[in-house]
Amino acid sequence: MEHRKLGSLTVTAQGLGCMGMSEFYGEGDDAESIATIHRALELGVTLLDTADMYGFGRNEELVGRAINDRRDQVVLATKFGIVRDENDPAKRGVRGDAAYVREAAEASLRRLGVDHIDLYYQHRVDPSVPIEETVGAMAELVAAGKVRHLGLSEAGAETIRRAHAVHPITALQTEWSLWSRDIEDEVVPTCRELGIGIVPYSPLGRGLLTGRFQSKADFGAGDFRQQSQPRMADGNLERNLELVAKLRELAERKGVTAGQLALAWVQARGDDVVPIPGTKRRKYLEENVAAAGLGLSTEDIDEVERTVPREAVAGQRYPDEAMRLIGR
(Lines give C-alpha, C1' and ligand atoms only; values in the text may rest on other atoms or scores of the structure.)
Protein backbone atom coordinates (compact mmCIF):
# COMPACT_ATOMS: atom_id res chain seq x y z
CA MET A 1 0.00 0.00 0.00
CA GLU A 2 1.09 3.56 -0.71
CA HIS A 3 2.55 5.46 2.22
CA ARG A 4 1.75 9.03 3.17
CA LYS A 5 3.04 11.62 5.62
CA LEU A 6 1.08 12.97 8.56
CA GLY A 7 3.38 15.79 9.53
CA SER A 8 6.64 13.95 10.26
CA LEU A 9 4.93 10.58 10.75
CA THR A 10 4.87 8.05 7.91
CA VAL A 11 1.85 5.73 7.68
CA THR A 12 -0.02 3.80 5.02
CA ALA A 13 -2.53 5.71 2.91
CA GLN A 14 -5.39 4.06 4.80
CA GLY A 15 -5.72 3.11 8.45
CA LEU A 16 -8.20 1.04 10.43
CA GLY A 17 -10.70 2.51 12.86
CA CYS A 18 -11.29 0.04 15.69
CA MET A 19 -14.12 1.76 17.62
CA GLY A 20 -16.97 -0.40 16.34
CA MET A 21 -15.24 -3.57 17.50
CA SER A 22 -16.21 -2.77 21.09
CA GLU A 23 -19.24 -0.47 21.05
CA PHE A 24 -21.77 1.62 19.14
CA TYR A 25 -22.32 -0.65 16.13
CA GLY A 26 -24.11 -3.58 17.75
CA GLU A 27 -22.73 -6.82 19.13
CA GLY A 28 -19.01 -7.36 18.93
CA ASP A 29 -16.99 -10.51 18.32
CA ASP A 30 -13.52 -10.21 19.80
CA ALA A 31 -12.14 -13.17 17.87
CA GLU A 32 -13.28 -11.76 14.53
CA SER A 33 -12.13 -8.27 15.51
CA ILE A 34 -8.63 -9.50 16.34
CA ALA A 35 -8.59 -11.48 13.10
CA THR A 36 -9.59 -8.28 11.29
CA ILE A 37 -6.71 -6.36 12.86
CA HIS A 38 -4.28 -9.13 11.94
CA ARG A 39 -5.62 -9.20 8.37
CA ALA A 40 -5.18 -5.43 8.14
CA LEU A 41 -1.53 -5.79 9.09
CA GLU A 42 -1.11 -8.58 6.54
CA LEU A 43 -2.51 -6.27 3.87
CA GLY A 44 0.03 -3.61 4.82
CA VAL A 45 -2.14 -1.28 6.90
CA THR A 46 -0.03 0.25 9.66
CA LEU A 47 -2.24 2.87 11.39
CA LEU A 48 -4.63 1.51 14.02
CA ASP A 49 -6.98 3.96 15.72
CA THR A 50 -8.70 3.60 19.09
CA ALA A 51 -9.63 5.79 22.09
CA ASP A 52 -9.97 5.41 25.83
CA MET A 53 -13.72 6.03 25.72
CA TYR A 54 -14.56 3.29 23.22
CA GLY A 55 -16.21 0.55 25.23
CA PHE A 56 -15.02 2.27 28.43
CA GLY A 57 -11.43 1.21 27.71
CA ARG A 58 -12.26 -2.24 26.38
CA ASN A 59 -11.34 -1.28 22.83
CA GLU A 60 -7.82 -0.30 23.88
CA GLU A 61 -7.51 -3.63 25.69
CA LEU A 62 -8.69 -5.47 22.56
CA VAL A 63 -6.24 -3.63 20.32
CA GLY A 64 -3.49 -4.26 22.83
CA ARG A 65 -4.14 -8.02 22.74
CA ALA A 66 -4.23 -8.01 18.95
CA ILE A 67 -0.85 -6.31 18.55
CA ASN A 68 0.92 -7.86 21.53
CA ASP A 69 3.26 -9.96 19.37
CA ARG A 70 3.49 -7.53 16.42
CA ARG A 71 3.91 -4.10 17.97
CA ASP A 72 6.68 -3.19 15.52
CA GLN A 73 4.21 -3.41 12.60
CA VAL A 74 1.84 -0.82 14.06
CA VAL A 75 1.53 2.95 14.23
CA LEU A 76 -0.71 3.07 17.27
CA ALA A 77 -3.09 5.99 17.76
CA THR A 78 -5.39 6.59 20.70
CA LYS A 79 -7.30 9.51 22.17
CA PHE A 80 -8.24 11.04 25.51
CA GLY A 81 -10.54 13.79 26.66
CA ILE A 82 -14.13 12.49 26.47
CA VAL A 83 -15.21 11.39 29.94
CA ARG A 84 -18.04 8.88 30.37
CA ASP A 85 -20.07 7.42 33.22
CA GLU A 86 -20.67 3.66 33.16
CA ASN A 87 -23.91 4.23 35.09
CA ASP A 88 -25.14 6.53 32.32
CA PRO A 89 -23.34 5.54 29.10
CA ALA A 90 -24.96 8.34 27.08
CA LYS A 91 -23.57 11.02 29.38
CA ARG A 92 -20.49 12.84 28.09
CA GLY A 93 -18.02 15.23 29.64
CA VAL A 94 -14.75 16.72 28.39
CA ARG A 95 -11.50 17.21 30.27
CA GLY A 96 -8.27 18.74 29.03
CA ASP A 97 -6.53 19.83 32.23
CA ALA A 98 -2.90 18.88 32.64
CA ALA A 99 -3.48 16.45 35.51
CA TYR A 100 -6.07 14.56 33.50
CA VAL A 101 -3.83 14.39 30.42
CA ARG A 102 -1.17 12.59 32.45
CA GLU A 103 -3.71 10.33 34.17
CA ALA A 104 -5.40 9.37 30.91
CA ALA A 105 -2.12 8.61 29.14
CA GLU A 106 -0.93 6.28 31.90
CA ALA A 107 -4.27 4.45 31.85
CA SER A 108 -4.15 4.03 28.06
CA LEU A 109 -0.58 2.72 28.17
CA ARG A 110 -1.66 0.10 30.73
CA ARG A 111 -4.71 -1.01 28.76
CA LEU A 112 -2.80 -1.16 25.48
CA GLY A 113 0.10 -2.99 27.11
CA VAL A 114 2.71 -0.79 25.42
CA ASP A 115 5.47 1.54 26.55
CA HIS A 116 4.62 4.33 24.14
CA ILE A 117 1.78 5.67 22.00
CA ASP A 118 2.75 6.68 18.47
CA LEU A 119 0.01 9.29 17.96
CA TYR A 120 -1.90 10.74 20.92
CA TYR A 121 -4.96 12.87 20.21
CA GLN A 122 -7.07 15.16 22.31
CA HIS A 123 -10.47 13.70 21.42
CA ARG A 124 -12.42 16.93 21.92
CA VAL A 125 -11.21 20.38 22.91
CA ASP A 126 -12.14 21.29 26.49
CA PRO A 127 -13.70 24.76 26.31
CA SER A 128 -12.87 25.39 29.98
CA VAL A 129 -9.13 24.76 29.65
CA PRO A 130 -6.71 26.79 27.48
CA ILE A 131 -5.41 24.63 24.65
CA GLU A 132 -1.90 25.73 25.67
CA GLU A 133 -2.29 23.89 28.99
CA THR A 134 -3.55 20.72 27.36
CA VAL A 135 -0.92 20.57 24.64
CA GLY A 136 1.77 21.59 27.10
CA ALA A 137 0.95 18.50 29.18
CA MET A 138 0.87 16.37 26.04
CA ALA A 139 4.30 17.73 25.10
CA GLU A 140 5.61 16.58 28.48
CA LEU A 141 4.53 13.04 27.53
CA VAL A 142 6.63 13.35 24.36
CA ALA A 143 9.62 14.52 26.37
CA ALA A 144 9.16 11.53 28.69
CA GLY A 145 9.14 9.10 25.74
CA LYS A 146 5.58 7.94 26.42
CA VAL A 147 4.14 9.55 23.29
CA ARG A 148 5.82 10.10 19.91
CA HIS A 149 3.46 12.47 18.06
CA LEU A 150 0.54 14.74 19.04
CA GLY A 151 -2.84 15.18 17.44
CA LEU A 152 -6.14 16.97 17.87
CA SER A 153 -9.64 15.83 16.97
CA GLU A 154 -12.46 18.07 15.74
CA ALA A 155 -10.58 21.27 16.62
CA GLY A 156 -11.22 24.61 14.96
CA ALA A 157 -8.67 26.49 12.87
CA GLU A 158 -7.68 29.02 15.56
CA THR A 159 -7.27 26.30 18.19
CA ILE A 160 -5.07 24.32 15.79
CA ARG A 161 -2.81 27.36 15.34
CA ARG A 162 -2.52 27.94 19.09
CA ALA A 163 -1.81 24.27 19.76
CA HIS A 164 0.81 24.04 17.02
CA ALA A 165 2.62 27.02 18.54
CA VAL A 166 3.11 25.05 21.77
CA HIS A 167 4.24 21.77 20.16
CA PRO A 168 4.10 20.55 16.55
CA ILE A 169 0.76 18.91 15.82
CA THR A 170 1.17 15.89 13.56
CA ALA A 171 -2.43 15.18 12.64
CA LEU A 172 -5.97 16.41 12.92
CA GLN A 173 -8.63 13.73 13.14
CA THR A 174 -12.02 14.89 11.93
CA GLU A 175 -15.06 13.65 10.11
CA TRP A 176 -14.64 14.03 6.34
CA SER A 177 -16.68 12.30 3.69
CA LEU A 178 -19.01 13.08 0.82
CA TRP A 179 -21.55 13.81 3.55
CA SER A 180 -19.32 15.94 5.80
CA ARG A 181 -17.30 18.61 4.00
CA ASP A 182 -17.42 21.61 6.33
CA ILE A 183 -13.73 21.30 7.22
CA GLU A 184 -12.81 22.24 3.65
CA ASP A 185 -13.55 25.92 4.33
CA GLU A 186 -11.04 26.78 7.08
CA VAL A 187 -9.66 23.70 8.81
CA VAL A 188 -8.07 21.96 5.82
CA PRO A 189 -6.31 25.12 4.56
CA THR A 190 -4.99 25.78 8.08
CA CYS A 191 -3.64 22.25 8.44
CA ARG A 192 -1.94 22.47 5.07
CA GLU A 193 -0.39 25.82 5.87
CA LEU A 194 1.09 24.33 9.07
CA GLY A 195 2.07 20.94 7.60
CA ILE A 196 -0.45 18.98 9.66
CA GLY A 197 -1.85 15.74 8.23
CA ILE A 198 -5.57 14.98 8.18
CA VAL A 199 -7.12 11.71 9.38
CA PRO A 200 -10.78 11.47 8.31
CA TYR A 201 -13.00 9.27 10.44
CA SER A 202 -16.41 8.03 9.25
CA PRO A 203 -15.29 8.40 5.61
CA LEU A 204 -18.22 6.12 4.69
CA GLY A 205 -20.86 8.25 6.40
CA ARG A 206 -21.23 5.83 9.34
CA GLY A 207 -21.70 3.04 6.84
CA LEU A 208 -24.61 4.53 4.91
CA LEU A 209 -22.45 5.42 1.90
CA THR A 210 -21.76 1.71 1.38
CA GLY A 211 -25.34 1.22 0.20
CA ARG A 212 -25.82 -1.77 2.54
CA PHE A 213 -28.54 -0.10 4.62
CA GLN A 214 -31.98 0.89 3.39
CA SER A 215 -33.80 1.67 6.63
CA LYS A 216 -33.27 1.87 10.39
CA ALA A 217 -34.47 -1.71 10.59
CA ASP A 218 -31.24 -2.77 8.90
CA PHE A 219 -29.21 -1.65 11.93
CA GLY A 220 -28.81 -4.35 14.55
CA ALA A 221 -29.74 -4.18 18.22
CA GLY A 222 -27.55 -1.81 20.18
CA ASP A 223 -26.53 0.17 17.08
CA PHE A 224 -26.32 3.87 17.86
CA ARG A 225 -27.53 4.73 14.36
CA GLN A 226 -31.04 3.76 15.48
CA GLN A 227 -30.96 6.57 18.00
CA SER A 228 -30.83 10.37 17.79
CA GLN A 229 -28.58 10.72 14.75
CA PRO A 230 -29.91 13.64 12.67
CA ARG A 231 -28.98 12.14 9.31
CA MET A 232 -30.81 8.94 10.21
CA ALA A 233 -33.92 10.74 11.49
CA ASP A 234 -37.24 10.21 9.75
CA GLY A 235 -37.35 12.28 6.59
CA ASN A 236 -33.61 12.91 6.52
CA LEU A 237 -32.77 9.23 6.16
CA GLU A 238 -35.01 8.81 3.14
CA ARG A 239 -33.52 11.86 1.40
CA ASN A 240 -29.99 10.71 2.14
CA LEU A 241 -30.67 7.20 0.90
CA GLU A 242 -31.75 8.73 -2.42
CA LEU A 243 -28.24 10.16 -2.72
CA VAL A 244 -26.74 6.78 -1.84
CA ALA A 245 -28.81 5.11 -4.56
CA LYS A 246 -27.38 7.52 -7.12
CA LEU A 247 -23.86 6.90 -5.85
CA ARG A 248 -24.43 3.16 -6.09
CA GLU A 249 -25.56 3.50 -9.71
CA LEU A 250 -22.42 5.48 -10.54
CA ALA A 251 -20.21 2.95 -8.74
CA GLU A 252 -21.77 0.04 -10.62
CA ARG A 253 -20.97 1.74 -13.92
CA LYS A 254 -17.35 2.01 -12.78
CA GLY A 255 -17.19 -1.60 -11.60
CA VAL A 256 -16.75 -0.87 -7.90
CA THR A 257 -18.99 -0.68 -4.84
CA ALA A 258 -20.56 2.53 -3.57
CA GLY A 259 -18.41 2.32 -0.46
CA GLN A 260 -15.22 1.93 -2.47
CA LEU A 261 -16.08 4.93 -4.62
CA ALA A 262 -16.91 7.08 -1.57
CA LEU A 263 -13.70 6.02 0.16
CA ALA A 264 -11.58 6.58 -2.94
CA TRP A 265 -13.01 10.11 -3.11
CA VAL A 266 -11.71 10.78 0.43
CA GLN A 267 -8.33 9.20 -0.42
CA ALA A 268 -8.10 11.57 -3.39
CA ARG A 269 -8.41 14.70 -1.21
CA GLY A 270 -4.61 14.91 -0.99
CA ASP A 271 -1.43 13.03 -0.16
CA ASP A 272 -1.67 14.37 3.41
CA VAL A 273 -5.02 12.60 3.95
CA VAL A 274 -5.22 9.16 5.63
CA PRO A 275 -8.80 7.95 6.20
CA ILE A 276 -9.53 5.39 8.90
CA PRO A 277 -12.66 3.50 7.83
CA GLY A 278 -13.89 1.38 10.69
CA THR A 279 -14.96 -2.23 10.50
CA LYS A 280 -14.99 -5.31 12.69
CA ARG A 281 -15.17 -7.84 9.85
CA ARG A 282 -12.45 -9.03 7.50
CA LYS A 283 -14.65 -9.01 4.39
CA TYR A 284 -15.42 -5.29 4.74
CA LEU A 285 -11.79 -4.54 5.61
CA GLU A 286 -10.66 -6.12 2.35
CA GLU A 287 -13.22 -4.14 0.39
CA ASN A 288 -12.04 -0.92 2.02
CA VAL A 289 -8.35 -1.64 1.48
CA ALA A 290 -9.02 -2.26 -2.21
CA ALA A 291 -10.36 1.29 -2.46
CA ALA A 292 -6.91 2.64 -1.53
CA GLY A 293 -5.68 1.46 -4.92
CA LEU A 294 -8.41 3.11 -6.96
CA GLY A 295 -7.04 6.06 -8.86
CA LEU A 296 -9.77 8.62 -9.52
CA SER A 297 -9.29 11.07 -12.37
CA THR A 298 -10.35 14.71 -12.09
CA GLU A 299 -13.37 13.79 -14.20
CA ASP A 300 -14.24 10.93 -11.83
CA ILE A 301 -14.04 13.23 -8.82
CA ASP A 302 -16.24 15.84 -10.47
CA GLU A 303 -18.79 13.18 -11.36
CA VAL A 304 -18.89 11.87 -7.78
CA GLU A 305 -19.39 15.38 -6.42
CA ARG A 306 -22.19 16.08 -8.87
CA THR A 307 -23.84 12.83 -7.81
CA VAL A 308 -23.61 13.67 -4.09
CA PRO A 309 -23.51 17.49 -3.89
CA ARG A 310 -22.17 18.95 -0.67
CA GLU A 311 -25.34 20.94 0.00
CA ALA A 312 -27.74 18.04 -0.66
CA VAL A 313 -27.13 16.08 2.55
CA ALA A 314 -30.06 16.25 4.98
CA GLY A 315 -29.35 16.78 8.67
CA GLN A 316 -26.32 17.78 10.69
CA ARG A 317 -23.58 15.39 11.80
CA TYR A 318 -24.52 15.04 15.46
CA PRO A 319 -27.28 16.14 17.84
CA ASP A 320 -27.01 19.75 19.03
CA GLU A 321 -25.22 18.94 22.30
CA ALA A 322 -22.45 17.03 20.54
CA MET A 323 -22.18 19.64 17.77
CA ARG A 324 -21.21 22.23 20.38
CA LEU A 325 -17.87 20.42 20.76
CA ILE A 326 -17.14 20.36 17.02
CA GLY A 327 -14.73 22.89 15.57
CA ARG A 328 -13.84 24.41 18.95
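Residues numbered from 1 in each chain as written. Predicted model: local features only at pLDDT ≥ 70, side-chain atom pairs only at ≥ 80, totals over all residues. Heavy atoms only, no water.

- The name given to the protein in an unreviewed UniProt entry is Aldo/keto reductase, with the source organism recorded as Amycolatopsis albispora.

### Here's the deal with the sheet that holds strand 4 (residues 47-49)
Link 1 in the chain: As summarised here, the arrangement of the 7 strands in space is 3-4-5-8-9-10-11, forming an open sheet in which the pairing is parallel. This sheet does not close on itself; its edge strands, each paired only once, are strand 3 (16-17) and strand 11 (197-201). (Pairing = 2+ DSSP bridges. Helix = DSSP H or I, 4+ residues; strand = E, 2+ residues; numbered from the N terminus.)

### Some details on the nonpolar core
Link 1 in the chain: Grouped together as the largest cluster of nonpolar side chains are 78 residues, with contacts concentrated most on Leu 16, Ile 37, Ile 67, Leu 152 and Leu 247.
Link 2 in the chain: Not counting the four nearest positions on each side in its chain, Ile 67 is found in contact with Ile 37, Leu 48, Val 74, Leu 76 and Val 114.
Link 3 in the chain: Among the nonpolar cores identified, the runner-up in size contains 15 residues, and Leu 9, Val 75, Ala 77 and Tyr 201 belong to it. (Core = buried A, V, L, I, M, F, W, Y, C linked by side-chain atoms within 4.5 Å. Buried < 20%, exposed > 50% of the residue type's maximum accessible area, 1.4 Å probe, protein only. Contact = heavy atoms within 4.5 Å.)

### What about the pattern of salt bridges?
Link 1 in the chain: According to the stated counting rule, one finds 27 salt bridges in the structure shown.
Link 2 in the chain: The partner of Arg 162 in a salt bridge is Glu 132, and the shortest N-O contact between them spans 2.8 Å. Note that Arg 162 is positioned in helix 5 (residues 157-166) and Glu 132 in helix 4 (residues 131-143), a separation of 30 residues in sequence.
Link 3 in the chain: Note on Glu 132: relative accessible area 33%, which makes it partly exposed.
Link 4 in the chain: Of the charged contacts in the structure, one is a salt bridge between Arg 181 and Glu 184, with a shortest N-O distance of 2.9 Å.
Link 5 in the chain: Glu 184 sits in the partly exposed class, given a relative accessible area of 21%.
Link 6 in the chain: Salt bridges sharing common partners tie together Arg 181, Glu 184, Asp 185, Arg 269, Glu 305 and Arg 310. (Salt bridge = Lys/Arg side-chain N within 4 Å of Asp/Glu carboxyl O.)

### Section: the packing of helix 3 (residues 98-112) against helix 4
Link 1 in the chain: Relative orientation of the contacting elements helix 3 and helix 4 amounts to 40 degrees, with a least axis distance of 8 Å. Classed by the angle they form, the pair helix 3 and helix 4 counts as oblique. Note on packing geometry: the crossing formed by helix 3 with helix 4 is right-handed. Where helix 3 approaches helix 4, its residues Ala 98, Val 101, Arg 102 and Ala 105 are matched on the opposing element by Glu 133, Thr 134, Ala 137, Met 138, Glu 140 and Leu 141.
Link 2 in the chain: Taken together, the residues that form the contact of helix 3 with helix 4 break down as 6 nonpolar, 1 polar and 3 charged. (Axes fitted to C-alpha atoms, helices over the stretch in contact; angles between N-to-C directions. Parallel < 35°, antiparallel > 145°, perpendicular 65-115°, else oblique. Left-handed = near helix turned anticlockwise from the far one by under 90°. Nonpolar A, V, L, I, M, F, W, Y, C, P; charged D, E, K, R; others polar.)

### A few points about the environment of Glu 133
Link 1 in the chain: Position of Glu 133 among the secondary structure elements: in helix 4.
Link 2 in the chain: You can call Glu 133 partly exposed: its relative accessible area is 34%.
Link 3 in the chain: Considered as a pair, Glu 133 and Glu 86 are 47 residues apart in the sequence and their alpha carbons are 28 Å apart.
Link 4 in the chain: With sequence-adjacent residues up to four places away left out, Glu 133 is seen in contact with Asp 97 and Ala 98.

### A word on helix 3
The α-helix advances 3.6 residues per turn, and as a result positions three or four apart in sequence lie on the same side.
Link 1 in the chain: Under the 1.5 Å per step criterion, the end-to-end length of helix 3 is 21 Å for 15 residues, consistent within 8% with the ideal 21 Å.
Link 2 in the chain: Residues Ala 98, Tyr 100, Val 101, Ala 104, Ala 105, Ala 107, Ser 108, Leu 109 and Leu 112 constitute the buried set of helix 3.
Link 3 in the chain: Backbone geometry just downstream of helix 3 places Gly 113 in the positive-phi region, at approximately 70 degrees. (Expected span 1.5 Å × (residues − 1).)

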